[in-house]
Amino acid sequence: MMLSSLRIASRRTAVARTSIRAASAWAKIPQGPPVRITEAFKADSFDKKINLGVGAYRDDKGKPYVLPSVRAAEEKVIASRLNKEYAGITGVPEFTKAAAVLAYGADSSALDRLAITQSISGTGALRIGGAFLARHYPGAKTIYIPQPSWANHAAVFKDCGLEVEKYAYYNKDTIGLDYEGMVADINSAPDGSIFLFHACAHNPTGVDPTPEQWKEIEAAVKAKGHHAFFDMAYQGFASGNIHTDAFAVRHFVAEGHNITLSQSFAKNMGLYGERIGAFSVVCADAEERKRVDSQVKILVRPMYSNPPIHGARIAAEILNTPALYDQWLIEVKGMADRIITMRALLKDNLEKLGSKHDWSHITSQIGMFAYTGLTPEQMDQLAKEHSVYATRDGRISVAGITSENVSRLAEAIFKVKG
Ligand SMILES: Cc1ncc(COP(=O)(O)O)c(C=O)c1O
């Protein structure tokens, strides 16, 4: 009796509490779209299902990979028992100095006129860059991004207050670069426009200009007085060589462009969740650098005051310790090579099955992603009938392919595409 009357009393209080709640301010907020792949993949109980939608490297067993150089650097950082004081607004200087050398090269003329800040990985660097251009770029506040581009580019730049336009990049028919279209769009944009270029391993297509094409692109950009903003999220991870992958960035700087650059250490160091990156502005001279640096600080301070220190310390330890640096170079190449091998295996398997289709783009593309050329309907069929999950644009993450699942994947693609 006692207990049930107590229950009734507490229920009454609960009712009374809800009834005095104010109407929700969020009542009219619309539901955003679901994250399709993850949910469908999770719901599938087939034990040989394949997830090719993830944007992170997996080892040949399909497992997340922590680089041994990263483990060693992290142990050194922890053993140093450093304090947890705030970093400065632009981050850990040992990290940013080394990140600049990695991107621009040790002998670059840009290094002593470079304003650089640590950032919340590549996305954060793009965000600071977008905000910097929106506030300080003297020309039109429109940024041209490739068609297609990483899905977050348009979202980040729009949220920075920039107008976003597209330039031709991908040719559906050749599953390759629409080089003529790209140069034509560079030429027809108003003088002094902002162009966003993927430095290497274009996401989502895996299609990059050749060095010769980059040289022509640079000449076109210079002739029009455009500003080049490079997004380098995959340095070393694309070809296996940090210098090869930085070709476009270094070529533009050598040709006199005062570029802006976003760097990420998510992929090449596997530091995804540590959120470590950098944004830099090449300036005319040290005096200009000082002014630009002060404005970057004015942008960063109200966003997050100063960046987290742990990932920066790990990356700095690797970049500044010769033995760890050499080890890291080998490990980055190991990741790039596994991806290159999986591309070749997928193509071989498709050809062995008797596919009459030309799959050469699978191996000519570079980086984590491959554009298969499959239609949205064919991608749906892959998911429904073969438990192979990826985005509907036909992009697959090659990092999700393993020696074990590659033949089943090839069979599934063959059944869908022929
Ligand atoms: C082209 C491109 N830019 C930037 C990023 C940013 O990644 P993060 O913020 O994890 O460094 C990615 C990640 O997938 C990317 O593909």
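What you are looking at is a predicted structure, and each value in this text was computed from that prediction instead of being measured.

**Some details on the UniProt feature "domain: Aminotransferase class I/classII large" (unreviewed entry) in the chain**
- UniProt tags residues 48–413 as "domain: Aminotransferase class I/classII large" (unreviewed entry).
- Within residues 48–413, the helical portion is 46% and the strand portion 15%, while the C-alpha atoms at the span's ends are 15 Å from each other.

**Concerning the domain arrangement of the chain**
- The domain architecture assigned to the chain consists of domain 1 (36–65 + 337–417) and domain 2 (86–320).
- Taking only C-alpha atoms, the centre of domain 1 and the centre of domain 2 are 29 Å apart.
- The partner domain 2 presents 18 residues to the 15 residues of domain 1 that form the contact.
- Here the element with the most residues in the side of domain 1 that touches domain 2 is strand β11 (residues 369–371); it accounts for 3 residues.
- A per-class count over the side of domain 1 that touches domain 2 returns 8 nonpolar, 4 polar and 3 charged.

**Focus: the nonpolar core**
- Ala103, Phe195, Phe230, Val249, Ile259, Ala315 and Val398 are the most contacted members of the largest nonpolar core, which has 113 residues in total.
- A domain split of this core shows at least three residues from each of domain 1 (36–65 + 337–417) and domain 2 (86–320).
- What isoleucine 259 contacts, discounting residues up to four positions off in sequence, is Ala228, Phe229, Phe230, Val249, Phe252, Val253 and Val282.

**Regarding the site of the ligand**
- Looking at the ligand, there are 13 residues lining it, with Ser121, Gly122, Thr123, Asn203 and Ser264 nearest.
- Sort the elements by how many residues they give to the shell around the ligand and helix α5 (residues 121–136) lands first, with 3 residues.
- A per-class count over the shell around the ligand returns 4 nonpolar, 8 polar and 1 charged.

**Focus on the packing of α5 against helix α6 (residues 151–159)**
- The N-to-C vectors of α5 and α6 enclose an angle of 40°; their axes lie 9 Å apart at closest approach. Looking at the two axes, α5 sits oblique to α6. Pair α5 / α6 crosses with right-handed handedness. Here Thr123, Leu126, Arg127 and Gly130 of α5 come into contact with α6, specifically with Asn152, Val156 and Phe157.
- Tallied by class, residues from the contact of α5 with α6 come to 3 nonpolar, 3 polar and 1 charged.

**As for unusual backbone geometry**
- The omega torsion across glutamine 147 and proline 148 is 5°, close enough to zero to call that bond cis.
- In this chain, asparagine 203 is followed by proline 204 through a cis amide linkage whose omega measures 20°.
- Locating proline 204 in the fold gives a position in the loop between β7 (194–198) and α8 (211–224).
- Phi angles above zero are rare outside glycine, and serine 305 is one such case at about 65°.

About the criteria used
- Residues numbered from 1 in each chain as written.
- Predicted model: local features only at pLDDT ≥ 70, side-chain atom pairs only at ≥ 80, totals over all residues.
- UniProt positions renumbered as here; feature names shortened; annotations may be inferred.
- Helix = DSSP H or I, 4+ residues; strand = E, 2+ residues; numbered from the N terminus.
- Domains from an automatic or database assignment.
- Contact = placed C-beta atoms within 7 Å.
- Nonpolar A, V, L, I, M, F, W, Y, C, P; charged D, E, K, R; others polar.
- Core = buried A, V, L, I, M, F, W, Y, C linked by C-beta atoms within 7 Å.
- Buried ≥ 20, exposed ≤ 12 C-beta atoms within 10 Å, placed from the backbone.
- Near = placed C-beta within 6 Å.
- Axes fitted to C-alpha atoms, helices over the stretch in contact; angles between N-to-C directions.
- Parallel < 35°, antiparallel > 145°, perpendicular 65-115°, else oblique.
- Left-handed = near helix turned anticlockwise from the far one by under 90°.

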